[in-house]
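Working through the structure, step by step
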Amino acid sequence: MNVIKLVILGIIMSVVSINALQASPIVIAHRGASGYLPEHTLESATLAYAQGADYIEQDLVVTKDAKLIVLHDIHLETVTDVQQKFPTRKRQDGRFYALDFTLTELKSLLVHERRDEKGNQVFKDRYQGEANFQIATFEEHIELVQQLNRQFGKDTGFYIEIKSPAWHREQGVDISQLTISLLRKYQLDDSNKAVYVQCFDFAETKRLRNKLGAKVKLIQLIAENDWQESTTDYDYLKTPEGLKDISGVAQGIGPWIPQILDLEKKAPTNLVTMAHGLGLAVHPYTFRKDALPANMSTHEALDLLFNEAKIDGLFTDFTDITIDYLSQ
C-alpha cells in the first residue's frame with residue numbers, strides 16, 4: 001500500500017470516527033441526579049455531573065423579584081415546605097406560586113423529595129432524609145457547571161426548559177426574554193455551545209427563534225393534548241406536517257417515551273423515523289428504573305430506546321445506569 005493510499009485511509013478513518021462520535025446518544029440528567037437526591041438542587045446537579053451526564057437539565061421559573069430559579073413547577077408545595085413556612089401565601093386555588101415569593105423568601109425553604117397531594121413521597125425508595133437542600137438560581141447552576149468544566153476539562157452542557165411562558169406573560173413576566181438575556185450574559189446563546197433550550201409551547205418556540213432572535217439550539221417538547229401543558233396541538237406536531245413545521249425553527253423534538261414506543265408490543269412507533277427524515281434529533285423523556293412497565297426490565301427498556309427506536313439522547317433520572325448501559 002503506497003503512501004497516498006495510507007493517507008486516504010487515514011482521512012477516511014478520521015471522518016468515520018468523527019461521525020461516530022457525533023452520532024453517539026447524549027445522556028441528559030433529568031432535574032439532575034433526581035433518582036438519588038431532591039430534584040434541581042445544586043447537590044443533585046453535582047452528583048449528575050460526577051456520574052458523567054452529557055447535559056444537566058434546568059427547568060426555569062421566575063420569582064417575584066424577576067430572578068430565574070431552577071424549579072420544575074410554577075408551584076412550590078410539591079417539593080418544598082412552603083405550606084409550613086408561609087401558610088397564608090397561597091392563592092385562591094390553594095396553590096403556592098414561586099412568582100409570589102422573592103428569592104430571599106424562596107431560599108428560606110427546605111427542598112425535599114417530590115410529594116403528592118396527600119403528602120406521600122412519589123418515589124418512595126428515593127432520598128428519604130431531611131437535609132437542608134435549597135432552591136437555586138439559574139446563575140448558580142451555570143457557575144457550578146462552568147467551574148466543574150474548567151477544573152475537570154469537560155464540556156458538560158445545559159439543557160434548559162422554559163416553564164409555562166404563556167402563564168408567565170399573563171402575570172406580566174416575559175420568562176423567555178429573561179432566559180435569552182441571561183444566556184447572552186454568559187455567551188451561551190450560541191448554536192455551537194453545549195446548550196439546548198426546550199419548551200412545550202410551540203408558539204413560544206417560534207417566538208424564541210423568530211422574535212427574540214435566539215441562536216441557541218431549540219427543542220420542541222411534545223406532550224399529550226389532555227395534559228393541557230399549553231394551547232399547542234400535540235397531535236398535529238406528531239404528524240409529518242407538524243414535524244416539518246418544527247424543523248423550520250428547532251433542531252429536535254422531546255417526545256414522551258410512549259409516543260415513540262408501543263410499550264405493549266415492545267416496538268417503536270414511526271415518530272423517530274419521521275423526525276430523523278427531517279433532520280430532527282429525538283430526545284425523549286423520562287427513563288426511570290423505578291417506574292418501568294411491570295413486564296419490562298431496565299436493560300430491555302434501554303435496549304428498546306437506543307437500539308430499536310434509535311433515539312439521539314435520553315432524559316433520565318438515573319444517569320449512572322444509562323451511561324453504564326451505553327458503555328457496554
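Below is a short write-up of the structure. Not measured: the values here are computed from a predicted model.

Side note on the overall build of the chain
- For the chain, the count of helices and strands is 14 helices and twelve strands.
- Whereas a compact globule of 328 residues would reach a radius of gyration of roughly 20 Å, the chain reaches 21 Å, a difference of no more than 12%.
- Dimensions along the principal axes, computed over C-alpha positions, put the chain at roughly 80 × 45 × 45 Å.
- Looking at the chain residue by residue over its 328 residues, the buried ones come to 49%.
- Taking all contacts inside the chain whose residues are at least 6 apart in sequence as the whole, residues at least 24 apart take part in 68%.
- As presented, the chain carries roughly 15600 Å² of accessible surface, and 52% of it is formed by carbon and sulfur atoms.
- Each charge sign in the chain was given a centre, from 35 positive and 45 negative side chains, and these centres are 4 Å apart.

Quick notes on helix α14 (residues 319-327)
- Within the span of α14, buried status applies to Thr-319, Thr-322 and Tyr-325. Taken down its axis, α14 places every buried residue within 135 degrees of arc, on the same side.
- Where α14 is buried, its residues touch β1 (26-29), α2 (42-51), α13 (298-308) and β12 (313-316).

Considering the pairing of strand β8 (residues 252-255)
- Here β8 shows a buried face lined by Gly-252 and Gly-254 and a second buried face lined by Ile-253 and Pro-255.
- One ladder, built from four bridges, connects strand β7 (residues 217-222) with β8; its direction is parallel. Paired with Gln-220 across the strands is Ile-253, a residue of β8.
- For β8 and strand β11 (residues 281-282), the ladder comprises two bridges, and the chain directions are parallel.

What to know about the packing of aromatic side chains
- Considering all chains together, one arrives at 13 aromatic pairs under this definition.
- Through pairs of rings, three or more aromatic residues link up here, namely Tyr-55, Tyr-159, Tyr-196 and Phe-315.
- For Lys-154, the ring lying beneath its charged end belongs to Tyr-49, and the centroid distance is 4.6 Å.
- When the ring centre of Tyr-196 is taken as origin, the NZ or CZ atom of Lys-217, which lies over that ring, is 5.1 Å away.

Side note on the environment of Tyr-49
- Residue position: Tyr-49 is located in helix α2.
- In the structure, Tyr-49 is positioned 100 residues away from Asn-149 in sequence and 9.3 Å away in space, judged by C-alpha atoms.
- Leaving out residues up to four positions away in the same chain, Tyr-49 has contacts with Ile-56, Val-145, Leu-148, Asn-149, Phe-152, Lys-154 and Thr-156.
- In terms of polar contacts, Tyr-49 uses its side chain to reach the backbone carbonyl oxygen of Leu-148, at 3.1 Å.
- In terms of polar contacts, Tyr-49 uses its side chain to reach the side chain of Asn-149, at 2.9 Å.

Here we look at the side chain of Arg-31
- For Arg-31, the location among the structural elements is in the loop between β1 and α2.
- Taking relative accessible area as the criterion, Arg-31 reaches 9% and is therefore assigned buried.
- In this structure the side chain of Arg-31 is engaged in a polar contact, spanning 3.0 Å, whose partner is the side chain of His-72.
- Setting aside residues up to four positions removed in sequence, Arg-31 forms contacts with Glu-39, His-40, Ser-44, Glu-57, Asp-59, His-72, Arg-114 and Arg-288.

A few points about the environment of Thr-41
- Assignment of secondary structure puts Thr-41 in the loop between β1 and α2.
- For Thr-41, a relative accessible area of 1% corresponds to the buried category.
- Here the alpha-carbon distance between Thr-41 and Val-111, two residues 70 residues apart in the chain, equals 7.9 Å.
- Apart from the residues lying within four places of it in its own chain, the contact partners of Thr-41 are Val-111, Phe-133, Gln-134 and His-141.

Let's talk about the pattern of salt bridges
- One pass over the full model with this rule turns up 22 salt bridges.
- Across the pair Lys-238 and Glu-224 runs a salt bridge, and its minimum N-O distance is 3.1 Å. In this pair, Lys-238 is assigned in the loop between α9 (234-237) and α10 (240-247) and Glu-224 in the loop between β7 and α9, connecting sequence segments 14 residues apart.
- In this structure, the salt-bridge partner of Arg-288 is Asp-317, at a minimum N-O distance of 2.8 Å. With Arg-288 in the loop between β11 and α13 and Asp-317 in the loop between β12 and α14, the pair connects residues that are 29 residues apart, well separated along the chain.
- Sharing partners across several salt bridges, the network here consists of Arg-31, Glu-39, Asp-73 and Arg-114.

Parameters at a glance
Residues numbered from 1 in each chain as written. Predicted model: local features only at pLDDT ≥ 70, side-chain atom pairs only at ≥ 80, totals over all residues. Heavy atoms only, no water. Helix = DSSP H or I, 4+ residues; strand = E, 2+ residues; numbered from the N terminus. Rg over C-alpha atoms; globule rule 2.2 N^0.38 Å. Buried < 20%, exposed > 50% of the residue type's maximum accessible area, 1.4 Å probe, protein only. Contact = heavy atoms within 4.5 Å. Areas by Shrake-Rupley, 256 points an atom, 1.4 Å probe, with all protein chains shown as cover. Lys, Arg positive; Asp, Glu negative; His and termini not counted. Charge placed at Lys NZ, Arg CZ, Asp CG, Glu CD. Arc of directions from axis to C-beta. Pairing = 2+ DSSP bridges. Phe/Tyr/Trp six-rings, centres within 6.5 Å; stacked < 30°, edge-to-face > 60°. Lys NZ or Arg CZ within 6 Å of the ring centre and 35° of its normal. Polar contact = N/O pair within 3.5 Å; in protein donor to acceptor, adjacent residues only side chain to side chain. Salt bridge = Lys/Arg side-chain N within 4 Å of Asp/Glu carboxyl O.

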